[in-house]
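This is what each chain is made of:
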Amino acid sequence: MSEAAPRTDVPAIEVRNLHKSFGDNEVLKGIDFHVDQGEVVCVIGPSGSGKSTLLRCVNRLEEPTSGTIMVEGVDITDDEMDLDKVRTRIGMVFQQFNLFPHLNVTRNLTLAQIRAKKRKKADAEEIAARNLAKVGLEDKATAFPTQLSGGQQQRVAIARALSMDPDMMLFDEPTSALDPELVGDVLDVMKQLAKDGMTMMVVTHEMGFAREVGDRVVFMDGGVVVEQGKPEDVLGNPQHERTKEFLSKVL
Amino acid sequence: MAPPLKRSTRRRLTRGALYVLFILAVAVVVWLADWEAIRSNFFDLDVAVEAFPEILTVAAKNTVLYTAIAFVGGLLLGLILALMKLSPILPYRWAATAYIELFRGLPALLVIFGFAFAVPIAFGWRPPGGSAGAGLIALIIVSSAYIAETIRAGIEAVPPGQVEAARSLGMRPSWTMISVVLPQAFRIVTPPLTNELVILIKDTSLLFIAGMALGDRELTTFARDMVSSSANATPLVLAALLYLIITLPLTQLVAKLEKHNKRGR
């Protein structure tokens, strides 16, 4: 196993000529994409455009068909590399939260710290408490996931990812499964994270969030990156026909 | 022609007819039964007294002990088989499938017979613990085949997002299985596993075929031996009652456990 150390002089995420097929269905058709360190990149596009698949390739939950994916300068498609170690540096938040239903909130936050980062239980619990406070749920430490609202569950999921002290966070449509009135709390937590300088890749349908928080917006359609740039340019003055068409439907 | 009956009246009449039918059936059975023969053959107090205390201190104790050993063994072996069946390595999957299909397809009685008599002849190897040990190995092997399928179904019922969440946090496949998948899988399969346990309690009665030493006898073997020596079937009725005393609280306990576990779903 090579133990390549994370580097700070390269992009946090750099994807080159990425292809991904499910059977005969080519979902990603040669993607070039990067996220700089400390940057917040929002990926938008119609469903089926491949934006979630791209995000899931970044920590190899999906196996790329071809292409390279560098995370902090480490090629994660290299079989000699310790994928589990790299994953502890990439936090991920899912559309469906995916909290562990058999464990209470604190144990959801400490499990991977203890099992993957080999932290002592007491240290892990201290870090868990700090991150729970960060998402405003310090009073839910002993609750079980089923006792929480969707918005609370998603904030716990964010706290769980943060407890690994990741260098970057991936968000896969984090508010799409939430009731409309619960979306705001989750977006507020994400805004605070961005303000604190976290590197973030956010697949989202929340155009308001992309405009306000994103440093860059990437529009994908049909498995390719169609257009990208500053939020006010892509969202306010799109250059491509497909971008205009998509935005006219969602805005 | 009479006016049509109201629907509620019709329903009441139907129900009344069903009750009458039931009572008639019970009456016929009671009338046909030879009560004196039943009392002297199945409820002979002198024979019943004779059965104590060994029916508790030896027979019932052994039934519980054998069930516990076979269930724990079956769970461990079944878990290994389930993991083999889900393994990405093809020969493991083949081996597990062959094992499961073989031992689910054979009568437990034959497998017990095989381990007690055929294996010692074929391999010159006697399982430890005499006939009881041989029978227990057979019970573990048979129950593990059923339990393996149950556990596999439980593992497959855990949503894939659970594995993705654990792996995305950097947890290795083994820890993901142990701390995330298996606890949820076992909660899902608690009811069918209880079923396996209750079946196993009753399957210990098949051990008689192995020919048990006196102190090793479980409820059924003990009762059968007593039936031959006393020429009376009362010990079988006692054994039946004791089986119920063992199984009924168990199913109640698991129903309670299930309720408790719902919290963590």
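Details of the structure are given in the entry above.
Rules used throughout
Residues numbered from 1 in each chain as written. Chains lettered and ligands numbered in written order. Predicted model: local features only at pLDDT ≥ 70, side-chain atom pairs only at ≥ 80, totals over all residues. Heavy atoms only, no water. Helix = DSSP H or I, 4+ residues; strand = E, 2+ residues; numbered from the N terminus. Rg over C-alpha atoms; globule rule 2.2 N^0.38 Å. Buried < 20%, exposed > 50% of the residue type's maximum accessible area, 1.4 Å probe, protein only. Areas by Shrake-Rupley, 256 points an atom, 1.4 Å probe, with all protein chains shown as cover. Lys, Arg positive; Asp, Glu negative; His and termini not counted. Charge placed at Lys NZ, Arg CZ, Asp CG, Glu CD. Contact = heavy atoms within 4.5 Å. Pairing = 2+ DSSP bridges. Axes fitted to C-alpha atoms, helices over the stretch in contact; angles between N-to-C directions. Core = buried A, V, L, I, M, F, W, Y, C linked by side-chain atoms within 4.5 Å. Left-handed = near helix turned anticlockwise from the far one by under 90°. Nonpolar A, V, L, I, M, F, W, Y, C, P; charged D, E, K, R; others polar. Salt bridge = Lys/Arg side-chain N within 4 Å of Asp/Glu carboxyl O. Patch = residues over 30% accessible without salt bridge, like charges linked within 9 Å, V, L, I, M, F, W, Y side chains within 5 Å. Buried area = accessible area lost by both parts, 1.4 Å probe. Polar contact = N/O pair within 3.5 Å; in protein donor to acceptor, adjacent residues only side chain to side chain.

Along the backbone of chain A there are 9 helices and 10 strands. Taking 251 residues into account, the globule formula puts the C-alpha radius of gyration at 18 Å, and chain A, at 18 Å, falls close to it. In terms of its C-alpha atoms, chain A occupies a principal-axis envelope of roughly 55 × 45 × 35 Å. In chain A, buried positions account for 57% of the 251 residues. Surface accessibility of chain A: about 10,600 Å² in total, with carbon and sulfur atoms responsible for 45%. In chain A, which carries 30 positive and 40 negative side-chain charges, the distance between the mean positions of the two groups comes to 4 Å.

We now examine the overall build of chain B. Helix and strand counts for chain B stand at 12 helices and 0 strands. Starting at the N terminus, the α and β elements of chain B follow one another as α-α-α-α-α-α-α-α-α-α-α-α. Over its C-alpha atoms chain B spans a radius of gyration of 25 Å, topping by over 25% the 18 Å that the globule rule assigns to 265 residues. C-alpha atoms of chain B, sized along the principal axes, occupy 75 × 70 × 30 Å. Across the 265 residues of chain B, 40% fall into the buried class. A fraction of 74% describes how many contacts in chain B between residues 6 or more apart in sequence connect residues 24 or more apart.

What follows concerns the sheet that holds strand E6 (residues 90–93) of chain A. All names here are of chain A. If you walk across this open sheet you meet the 6 strands as E6-E7-E8-E3-E9-E10, and the pairing is mixed. Of all the strands in the sheet, the pair left with one neighbour each is E6 and strand E10 (224–229). Within the sheet, the average angular offset between the axes of one strand and its neighbour, ignoring direction, is 15°. With 5 bridges joining them, strand E9 (residues 216–221) and E10 adopt antiparallel strand pairing. Across the sheet, Val218 pairs through a bridge with Gln228, a residue of E10. Strands strand E3 (40–44), strand E7 (168–172) and strand E8 (199–203) of the sheet are contacted by helix H6 (residues 180–195), whose axis makes an angle of about 145° with E8.

We now examine the nonpolar core. It is characteristic of soluble globular proteins that their nonpolar side chains tend to be buried jointly. All names here are of chain A. Counting residues in each nonpolar core, the largest one holds 44 residues, and the members touching the most others are Ile158, Met169, Phe171, Met190 and Met200. With 7 residues, the single largest contributor to this core is H6. The residues touching Met200, leaving out its near neighbours within four places in the chain, are Val35, Glu39, Val40, Val41, Met169, Phe171, Met190, Leu193, Ala194 and Phe209. If you look at the next biggest cluster of nonpolar residues, it comprises 41 residues, including Ala12, Leu28, Leu83 and Val86.

All names here are of chain B. Relative to each other, helix H8 (residues 160–168) and helix H9 (residues 173–188) sit at 145°, their axes nearing to 10 Å. Of the two elements, H8 crosses H9, and the hand of that crossing is right-handed. From H8, Gln162, Val163, Ala166 and Arg167 reach across to H9, where they touch Pro173, Thr176, Val180, Val181 and Gln184. Across the contact of H8 with H9, the residue classes tally to 5 nonpolar, 3 polar and 1 charged.

All right, on to the environment of Gly114 of chain B then. Residues and elements named next belong to chain B. Following the sequence through the fold, Gly114 ends up in helix H6 (residues 108–123). Separated by 21 residues in sequence, Gly114 and Gly135 have C-alpha atoms that sit 8.9 Å apart. Excluding residues that lie within four positions of it along the chain, Gly114 makes contacts with Val119 and Pro120.

Across all of its chains, the model carries 26 salt bridges over all chains by this definition. For the salt bridge of Glu63 of chain A with Arg60 of chain A, the shortest nitrogen-to-oxygen distance reads 3.0 Å. Arg60 of chain A sits in the buried class, given a relative accessible area of 12%. Across the salt bridge formed by Glu36 of chain B and Arg39 of chain B, the nearest N and O atoms sit 3.6 Å from each other.

Residues and elements named next belong to chain B. Taken together, the side chains of Tyr19, Phe22, Ile23, Val26, Val30 and Trp35 define a hydrophobic patch exposed on the protein surface, amounting to about 670 Å² of accessible area. No other element matches helix H1 (residues 7–32), which puts 5 residues into the nonpolar patch. Within the secondary structure layout, Ile23 lies in helix H1. The exposure class of Ile23 is exposed, given its relative accessible area of 55%.

Counting residues at the interface gives 26 residues for chain A and 21 residues for chain B. Carbon and sulfur atoms make up 58% of the surface buried where chain A meets chain B, a total of about 2,100 Å² over both sides. Looking at the side of chain A facing chain B, the largest losses of area belong to Asp84, His102 and Arg115 of chain A, adding up to 28% of the total buried there. Run the count over chain A and chain B and you get 4 salt bridges. Residue Arg56 of chain A is joined to Glu164 of chain B by a salt bridge in which the shortest nitrogen-to-oxygen separation is 2.6 Å.

A few words now on helix H3 (residues 105–115) of chain A. Within H3 of chain A, 8 of the 11 residues are buried, which leaves the element mostly enclosed by the surrounding structure. Those residues of H3 of chain A hidden inside the fold are in contact with helix H4 (121–134) and helix H5 (150–162) of chain A together with H9 of chain B. Its side-chain oxygen at 3.1 Å from the backbone nitrogen of Thr106 of chain A, Asn104 of chain A defines the N-terminal cap of H3 of chain A.

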